[in-house]
Amino acid sequence: ILNVEQSPQSLHVQEGDSTNFTCSFPSSNFYALHWYRWETAKSPEALFVMTLNGDEKKKGRISATLNTKEGYSYLYIKGSQPEDSATYLCAPGSGNTGKLIFGQGTTLQVKP
Amino acid sequence: EAQVTQNPRYLITVTGKKLTVTCSQNMNHEYMSWYRQDPGLGLRQIYYSMNVEVTDKGDVPEGYKVSRKEKRNFPLILESPSPNQTSLYFCASSQDSDYGYTFGSGTRLTVV
């Protein structure tokens, strides 16, 4: 079983602050790294899927980078807004099988 | 509208009474998966499927069965539910392993 670590576990920031989270995973048998955003009382929503070392993806104020050799990914949020408040989950996939292991998530609270 | 539909949304049942949670997607996705979410444990994969008649165990398959007879449907079967299967269940589908998953709205199951 892959051991997926996300840090920090939770984060409280002020509106306008930029922030970043880390996802660490074993680099062996890596295939793809997923990031999801999960708002309270809703379902997880896909943000990014990255497969290549050095890959970088961006969606509005949110971006992510991937280092498959050392087994980590960073998620950045620039100028956090209250609507960014959610739990952010990462999930590495092993092989192109659809098997995903989710981390425990980083819960972000953005205060107005 | 592209979506993953789970039914029922809420279910209270008694120990040992067989039940099925249905999952259907209208996006012609190859990959489908079931997860359970428990406080402090995050999202854990129960079963996943890469195509019709192709399924495999996730990390917590004990006490569950699945079938994938048609591409659009992926029901989760609890033959003899027990209280430790009380949880929030999510079904999800994806075009393939390079794409993010679309999640259903969730099924909250209570076994008494």
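Before reading further, recall that the structure is shown in the block above.
Note that the structure is predicted; figures quoted are calculated from it, not measured.

Conventions used here
- Residues numbered from 1 in each chain as written.
- Chains lettered and ligands numbered in written order.
- Predicted model: local features only at pLDDT ≥ 70, side-chain atom pairs only at ≥ 80, totals over all residues.
- Heavy atoms only, no water.
- Helix = DSSP H or I, 4+ residues; strand = E, 2+ residues; numbered from the N terminus.
- Buried < 20%, exposed > 50% of the residue type's maximum accessible area, 1.4 Å probe, protein only.
- Contact = heavy atoms within 4.5 Å.
- Core = buried A, V, L, I, M, F, W, Y, C linked by side-chain atoms within 4.5 Å.
- Buried area = accessible area lost by both parts, 1.4 Å probe.
- Salt bridge = Lys/Arg side-chain N within 4 Å of Asp/Glu carboxyl O.
- Polar contact = N/O pair within 3.5 Å; in protein donor to acceptor, adjacent residues only side chain to side chain.
- Nonpolar A, V, L, I, M, F, W, Y, C, P; charged D, E, K, R; others polar.
- Pairing = 2+ DSSP bridges.
- Patch = residues over 30% accessible without salt bridge, like charges linked within 9 Å, V, L, I, M, F, W, Y side chains within 5 Å.
- Areas by Shrake-Rupley, 256 points an atom, 1.4 Å probe, with all protein chains shown as cover.

1. As for the environment of Leu-52 of chain A
All names here are of chain A.
Piece 1. Mapping Leu-52 onto the fold places it in the loop between β5 (45–50) and β6 (56–59).
Piece 2. Residue Leu-52 is classed as exposed on the basis of its relative accessible area, which comes to 57%.
Piece 3. Distance in space between the C-alpha atoms of Leu-52 and Tyr-88 is 21 Å, their sequence separation being 36 residues.
Piece 4. Setting aside residues no more than four positions away along its own chain, Leu-52 makes contact with Leu-66 and Thr-68.

2. Thoughts on the nonpolar core
Piece 1. Counting 23 residues, the largest nonpolar core has Leu-33, Trp-35, Leu-75, Tyr-88 and Leu-108 of chain A as its most contacted members.
Piece 2. Contributing elements (two or more residues each) for this core: β2 (10–14), β3 (19–24), β4 (30–38), β5, β7 (62–67), β8 (72–77), β9 (86–94) and β10 (106–111) of chain A.
Piece 3. Among residues more than four places away in sequence, those in contact with Tyr-88 of chain A are Gln-6, Phe-21, Trp-35, Tyr-36, Arg-37, Leu-47, Leu-75, Ile-77, Gly-105, Thr-106 and Leu-108 of chain A.
Piece 4. Listed in part, the 18 residues of the second largest apolar core include Cys-23, Met-32, Trp-34 and Tyr-47 of chain B.

3. Focus on the interface of chain A and chain B
Piece 1. The interface is formed by 21 residues belonging to chain A together with 22 residues belonging to chain B.
Piece 2. It is Trp-38, Lys-99 and Phe-102 of chain A that lose the most area in chain A upon contact with chain B, and together they represent 25% of the buried surface on that side.
Piece 3. On the surface where chain A and chain B come into contact, there are one salt bridge.
Piece 4. Linking Lys-99 of chain A and Asp-59 of chain B is a salt bridge whose minimum nitrogen-to-oxygen distance equals 3.2 Å.
Piece 5. Connecting chain A to chain B are eight residue pairs in polar contact (both at pLDDT 80 or more).
Piece 6. Looking at the side of chain A that touches chain B, the elements with two or more residues in it are β4 and β5 of chain A.
Piece 7. In the side of chain A that touches chain B, the residues fall into twelve nonpolar, seven polar and two charged.

4. Section: the sheet that holds strand β3 (residues 19–25) of chain B
Residues and elements named next belong to chain B.
Piece 1. Reading across from one edge, β1-β3-β8-β7 is the order of the four strands in this open sheet, with antiparallel pairing throughout. Two strands in the sheet have a free side with no partner beyond their single neighbour: β1 (4–7) and β7 (65–66).
Piece 2. As paired strands, β7 and strand β8 (residues 76–78) are joined by two bridges and run antiparallel to one another. Counted as the bridge partner of Lys-65 is Ile-77 from β8.

5. A few points about a nonpolar patch on the surface
Piece 1. A contiguous nonpolar patch, built from Ile-12, Val-14 and Val-112 of chain B and spanning about 300 Å² of accessible area, is present on the exposed surface.
Piece 2. Relative to the helices and strands, Ile-12 of chain B resides in strand β2 (residues 10–13).

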